[in-house]
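# Structural description and commentary
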Amino acid sequence: MQNHPKTSFWGNVLDNVQGAANTAGTFLDQVKGNQQFQDLAKQPQIKPFLLALERVDIQSAQKHVQKIMRNHPDWNAEKVADQLIQEKAILLGTQGLLSSLVPGFAAGLMAVDLASSLVAQAELIYQIACAHAMDLHDPARKAEVLTIFGLALGSGMALKFGVGFAARNLPVAGALVGAGGNAVMTYAVGFAAYKYYNAIVSGKTQEQALEESQQATELVLEEASVQESALDGILAHMILAGQPELSIEDIERNLAQLPLEEASRASISKHLESLRDFDTLLMELQPEYGLVALAQAERLARSDAQVNPQEQKLLTKLEQRFQEQAEMLDTMLPSNYILTDEFKQTIRGAQFSHDGLYLCACSDDRSLKIWKTYDQCKSFQLIHNLQGAHNDEIKALSISLNDELLATASEDRVLAFWDYRNGQKVKQIESGHQKGIFSLAFGQDQMLASGSEDGEIKLWNVNSGAVRRSLFGHKRAVWCLVFNSAGNVLASGSNDDTTRLWNPSNGETIRELKGHQHGVYALAFSADGQTLATGSWDQTIILWDVETGEQRTVLKGHKAAVWQLAFTPDQQFLVSASDDNSIIIWDLATGNIRIRLDGHQNGIYALAVSPISSAIASGSWDKSLRIWNVDLSE
């Protein structure tokens, strides 16, 4: 562990940043000509904070605070800040970004990506500023955020307790920090921000505000060693209870494979090797940390889809000790969040397995990512990150109806088939298409349809790898394909502005649907196969009577092309994703918009609706994959 005293790093940061914060000018512009800061910015310790500042979605942060204040009009800024700190601590404690280990063990470590932690904590500071009626778009906020980071994480206490990782020369890419230390850091940052902004709005000088903030942070960190130790000890008990077949040596060998920050690795190993009494640990843990412990322990216990008796015993003790916090937990767990923004180019396809236990997504960057889902799609764990899955942009994916295979298709005109559970490629087929493949759809009996930019549709026998037949009729690229649930009708949408219904048994066109003014990019069959939804570049969605070919309804609400459609499992709603950066959930009984989901920064080209929960996954040109949990019961 390298030691970087506060005076040699954060002292310089504060000297420079506080000067910038005293004015309303843009922080980065102000320091651009400052040679001392330029020299400082070259240090690897400060770069993650500058990147985190730029990645915060200020509009989204502000909307969340406004929602809390609407729901709790009687709350003051302190109460709002406390809620925000708790939410962020839970979020960072329950989002695991691990791979290469068995799901239960990996979820148990609750390690969080270092860069993601900094973005979330920077967002927390912005949110607390918003709770104090500060203008988040004022450029001075950037300087204040960096100042507060310096106060919270540059503290001598932070370094003493090993939670000041920001002040150590550690690699950022891929680095992970343990849950106990991360919770402490989140509380330290949150309390520093609250004390700072509370002092400012009370009319105190910046110097006084900084002093109060520093004192508050020191108080948090004085108790940090006890709280972090108790939290990590409880998680060690949960890990061992959930992995009774593994020895401590086996667990530590797995631990050594992870890119964990050394302090986190040492803390987990220490607790595994020398377990303290569980009841004693519970009594040491304060209520706010108890909330984090509950969230982490619950996810760990359910990470393998079952809770064994020993895990249940520990969970029961936690819930009895923190009864009030247990009741709060359901309302505080994050419902809508970015699952990942690690794709390098546009996300083109996303789909849940039919049992809801996996989520797959592909991108123009030629990568394929696969997540295991837990607790009815409330938690996700990346289990396979396959780079270079194709030699060109991956444009489509589809999971077989029996959940045995994942098919992907690319501009390289190759069809690849994967066992997505173990991340292995089963086989690949040279398709013979003259141009790139834009669409895929699995039907019954392992039939796969592929649609190409060349206008041709091919029906494949996946088992043999042979073409059953080719379908000709579209005059331009085939952008989308879908089978009805019975498998006896295939729908295709094309850039020639038409939708065709095919009989896959004989390859004949059942009928051609004309109604859109531009290309058809999205299709979805209702569960009974009687309704087909089509979405187009013309910004509209048409609901068709499959039997007669007549239009039932035209849905208007998007302001750009409609790229994806999906019915909810109960068939009461239709979900649409568009180039206008939004997702709309339509009430099919009325034809009205029920909910509009905003958050993506660019067009949405991938959409998946969980078959077992309210979760919706969406992938965008902004390179992020988001998870939305929407309550449609009201």
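Residues numbered from 1 in each chain as written. Predicted model: local features only at pLDDT ≥ 70, side-chain atom pairs only at ≥ 80, totals over all residues. Heavy atoms only, no water.

### So, the overall build of the chain
Regarding its fold elements, the chain presents 19 helices and 30 strands. Buried residues in the chain amount to 58% of all 634 residues. Accessible area of the chain: about 25100 Å², with a carbon and sulfur share of 46%. (Helix = DSSP H or I, 4+ residues; strand = E, 2+ residues; numbered from the N terminus. Buried < 20%, exposed > 50% of the residue type's maximum accessible area, 1.4 Å probe, protein only. Areas by Shrake-Rupley, 256 points an atom, 1.4 Å probe, with all protein chains shown as cover.)

### Section: the packing of helix α13 (residues 224-242) against helix α18 (residues 309-321)
Between two packed helices, the angle of one axis relative to the other and the distance separating the axes together describe the packing. In contact at an axis separation of 8 Å, α13 and α18 are set at 155° when each is read in the N-to-C sense. Taken together, the axes of α13 and α18 are roughly antiparallel relative to one another. On α18, the residues touching Ile234, His237, Met238, Ala241 and Gly242 of α13 are Gln310, Glu311, Leu314, Leu315 and Leu318. (Axes fitted to C-alpha atoms, helices over the stretch in contact; angles between N-to-C directions. Parallel < 35°, antiparallel > 145°, perpendicular 65-115°, else oblique. Contact = heavy atoms within 4.5 Å.)

### Points about the sheet that holds strand β29 (residues 615-620)
Read across the sheet, 4 strands follow the order β3-β30-β29-β28 without closing on themselves; strand pairing throughout is antiparallel. With partners counted over all chains shown, the strands left at the sheet margins are β3 (337-340) and β28 (604-609), one partner each. Direction aside, the axes of adjacent strands within the sheet are offset by 30° on average. Looking at chain direction, β29 and strand β30 (residues 625-629) are connected through 5 bridges and run antiparallel. Bridging from a neighbouring strand, Ile616 pairs with Trp628 of β30. (Pairing = 2+ DSSP bridges.)

### Quick word on the nonpolar core
Among the nonpolar cores identified, the biggest contains 76 residues, and Ile125, Ile128, Phe149, Tyr187, Tyr197, Leu285 and Leu318 are the most heavily contacted of them. Other than its neighbours up to four places away in sequence, Leu318 contacts Ile234, Phe278, Leu282, Ala293, Leu294 and Ala297. Tyr337, Ala361, Leu382 and Leu625 belong to the second largest nonpolar core, which has 18 residues in total. (Core = buried A, V, L, I, M, F, W, Y, C linked by side-chain atoms within 4.5 Å.)

### Examining the sheet that holds strand β26 (residues 582-587)
Strand order in the open sheet made by the 4 strands is β24-β25-β26-β27, with antiparallel pairing throughout. The open sheet has two free edges, formed respectively by β24 (562-567) and β27 (592-598), since each of these has just one partner strand. Along the sheet, successive strands turn relative to each other by an average axial angle of 20°, direction set aside. The sheet contact formed by strand β25 (residues 573-578) and β26 spans 5 bridges and is antiparallel. Within β26, the position partnered with Leu574 by the bridge is Trp586.

### Re the side chain of His558
As for its position among the elements, His558 is in the loop between β23 (551-556) and β24. Within polar-contact distance, the side chain of His558 engages the side chain of Ser576 at 2.7 Å. Of note is the side chain of His558, whose polar atom sits 3.1 Å from the side chain of Asp580. Once you skip the residues sitting within four places of it in the chain, His558 turns out to touch Gln539, Ile541, Ser576, Ala577, Ser578, Asp580, Ser582, Ile584 and Trp586. (Polar contact = N/O pair within 3.5 Å; in protein donor to acceptor, adjacent residues only side chain to side chain.)

### Digging into the pairing of β30
The buried fraction of β30 is high, at 4 of 5 residues. As paired strands, β3 and β30 are joined by 3 bridges and run antiparallel to one another. Bridging from a neighbouring strand, Thr340 pairs with Leu625 of β30.

### Focus: the packing of aromatic side chains
Summed over all chains, the structure comprises 10 aromatic pairs. Between Tyr196 and Tyr197, the aromatic rings sit 5.0 Å apart at their centres with planes inclined by 85°, giving edge-to-face as the arrangement. We classify Tyr197 as buried; its relative accessible area is 0%. With a centroid separation of 5.3 Å and an interplanar angle of 70°, the aromatic rings of Tyr358 and Tyr420 are classed as edge-to-face. Note that Tyr358 is positioned in strand β5 (residues 358-363) and Tyr420 in the loop between β10 (414-419) and β11 (424-430), a separation of 62 residues in sequence. For Tyr358, a relative accessible area of 11% gives the class buried. One aromatic cluster in this structure is built from Phe438, Trp479, Tyr521, Trp537, Trp563 and Tyr605. (Phe/Tyr/Trp six-rings, centres within 6.5 Å; stacked < 30°, edge-to-face > 60°.)

### A few points about unusual backbone geometry
Trans is the common state for peptide bonds, and a negative phi is the common state for residues other than glycine. At Gln539, a residue that is not glycine, the phi angle is positive and equals roughly 80°. Mapping Gln539 onto the fold places it in the loop between β21 (531-536) and β22 (540-545). With relative accessibility at 33%, the residue Gln539 sits in the partly exposed group.

### Brief notes about α18
Taking 1.5 Å as the rise per residue, α18 with 13 residues should run 18 Å; its terminal C-alpha atoms sit 18 Å apart, in good agreement. Listed as buried for α18 are Glu311, Leu314, Leu315 and Leu318. With its buried residues spanning 100° around the axis, α18 presents them on a single face. For α18, the exposed residues set more than 90 degrees away from the buried face come down to Pro309 and Gln320. Capping of α18 at its N-terminal end is provided by Asn308; its side-chain oxygen lies 3.1 Å from the backbone amide nitrogen of Gln310. (Expected span 1.5 Å × (residues − 1). Arc of directions from axis to C-beta.)

### Let's talk about the confidence of the model for the chain
Summing up the model confidence of the chain, the mean pLDDT is 82 and the portion of residues at 70 or higher is 81%. pLDDT under 50 marks residues 1-41. Its contacts with residues more than four places away, or in other chains, come to 85 contacts. A low-confidence stretch, residues 96-112 (pLDDT under 50), is modelled with 67 contacts involving residues beyond four sequence positions or located in other chains. (pLDDT = per-residue confidence, 0-100.)

### Quick word on the pattern of salt bridges
Taken as a whole and assessed by the stated rule, the structure comprises 15 salt bridges. For Lys317, the salt bridge is made with Asp279, and the minimal N-O distance between the two is 3.2 Å. Placement of the pair is Lys317 in helix α18 and Asp279 in helix α16 (residues 278-284), with a sequence separation of 38 residues. With a relative accessible area of 27%, Lys317 lands in the partly exposed category. As a salt-bridge pair, Glu512 and Lys514 come within 3.8 Å of each other at their nearest N and O atoms. What makes Glu512 partly exposed here is its relative accessible area of 35%. One salt-bridge network, held together by shared partners, links Arg348, Asp364, Glu393 and Lys395. (Salt bridge = Lys/Arg side-chain N within 4 Å of Asp/Glu carboxyl O.)

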